[in-house]
Amino acid sequence: MKKILLVEDEKNVASFVKKGLKEEGYSVTVAFDGAIGWNHAKTERYDLIILDRMLPGMNGMDICSRIREKYKFKIPIIMLTALGSTDDVIDGLNEGANDYMIKPFHLRELLARINALLRRDEAEENKIYKIADLELDDDTKTVTRADQEITLTSKEYRLLLYFMQNVKRVLSREQILEHAWNVEFDMGTNTVDVYINYLRNKVDKKFLPKLIHTVIGMGYVMKTE
């Protein structure tokens, strides 16, 4: 269930939006004060945050700025406000909001914008692959295990990416050469075996559980057991 934080001091608006979001299957936390909203945002992870711009305790622009400083752009933010001039919208977007809705608004439109942002967020998340404590970020081309950065050559990286895109699938040497490196298989080479050993030395040797396993007579598989 997707978790949404709603920071809105108008209780009627908050109640109306919360009811609509819950009917759509979202888990909703409501804060009526900006400082309380920021405390929720920094201590618990949400899939999306809806911020009123004018709030007691701390305004929505400050909360948005702090969220971006802490989480970068990993959490989509929709800003709700009665301030609807072009400059107001530009200020909100420049502060880091993904979308900006002017009060009064239609709930159906808000739901449509939430769904669009969450779909886009899921698509971006698909570029990050994880198994156990091994993580590969295909945007930044970085690999870490147990929070330790691992340096790979381009061939090792492509090999690991192919494994992580196919966790629990047994991959033959032919498949690995064709899909990871786009070359035709030559029965007389041991290229795959050599690079599997290189990769194991970097991502498995010093860590548990072991992730790259040999399936005798068939190929290799990445799994946790």
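Counting starts from 1 at the beginning of each chain's written sequence and moves along it residue by residue. Reporting of local features is limited, given that this is a predicted model, to residues whose pLDDT is at least 70; pairs of side-chain atoms are given and counted only at 80 or more, and all residues count toward the totals for whole chains, interfaces and linings. In computing side-chain values, all of the structure's heavy atoms are included and hydrogens and water are not.

Engineer: A description of the sheet that holds strand β8 (residues 142–145) should follow, citing residues and the corresponding values.
Structural biologist: Strand order in the open sheet made by the 4 strands is β6-β7-β8-β9, with antiparallel pairing throughout. Two strands close off the open sheet at either side, each with one partner strand: β6 (128–131) and β9 (148–150). Taking the axes of each pair of neighbouring strands and ignoring which way they run, one obtains an average angle of 20° across the sheet. Two strands make a pair as long as DSSP finds a minimum of two bridges between them. Each helix is a run of DSSP H or I of at least 4 residues and each strand a run of E of at least 2, with the numbering of both proceeding from the N terminus. As defined by bridge partners, strand β7 (residues 134–137) adjoins β8 across 4 bridges and the pair is classed as antiparallel. What sits directly across from aspartate 137, in β8, is threonine 142. The contact criterion used is simple: two residues touch if any of their non-hydrogen atoms lie within 4.5 Å. Axes here mean lines fitted to C-alpha atoms, for a helix over just the part in contact, with angles spanning 0 to 180 degrees between N-to-C directions. Here helix α6 (residues 154–164) sits on the sheet in contact with β6, β7 and β8, set at roughly 110° to β7.

Engineer: Explain the nonpolar core to me, and be specific about the residues and the numbers.
Structural biologist: For the purposes of this section, nonpolar cores are sets of buried Ala, Val, Leu, Ile, Met, Phe, Trp, Tyr and Cys residues that join through side-chain atoms within 4.5 Å. Summary of the burial criterion: residues with accessible area below 20% of their type's maximum are buried, those above 50% are exposed, and those between are partly exposed, where the area comes from a 1.4 Å probe applied to protein chains only. Core analysis: the largest hydrophobic core is formed by 28 residues, its most contacted members being Leu134, Leu160, Phe163, Ile176 and Met222. Secondary-structure elements contributing two or more residues to this core are β6, β7, α6, α7 (173–180), α8 (191–203) and β11 (219–222). Considering each element in turn, this core owes the most residues, 7 residues, to α6. Filtering out sequence-adjacent residues up to four positions away, leucine 134 remains in contact with Tyr129, Val143, Thr144, Arg145, Leu160, Met164, Val203, Leu211 and Met222.

Such coordinate-based values are descriptive only and should not be taken to indicate function.
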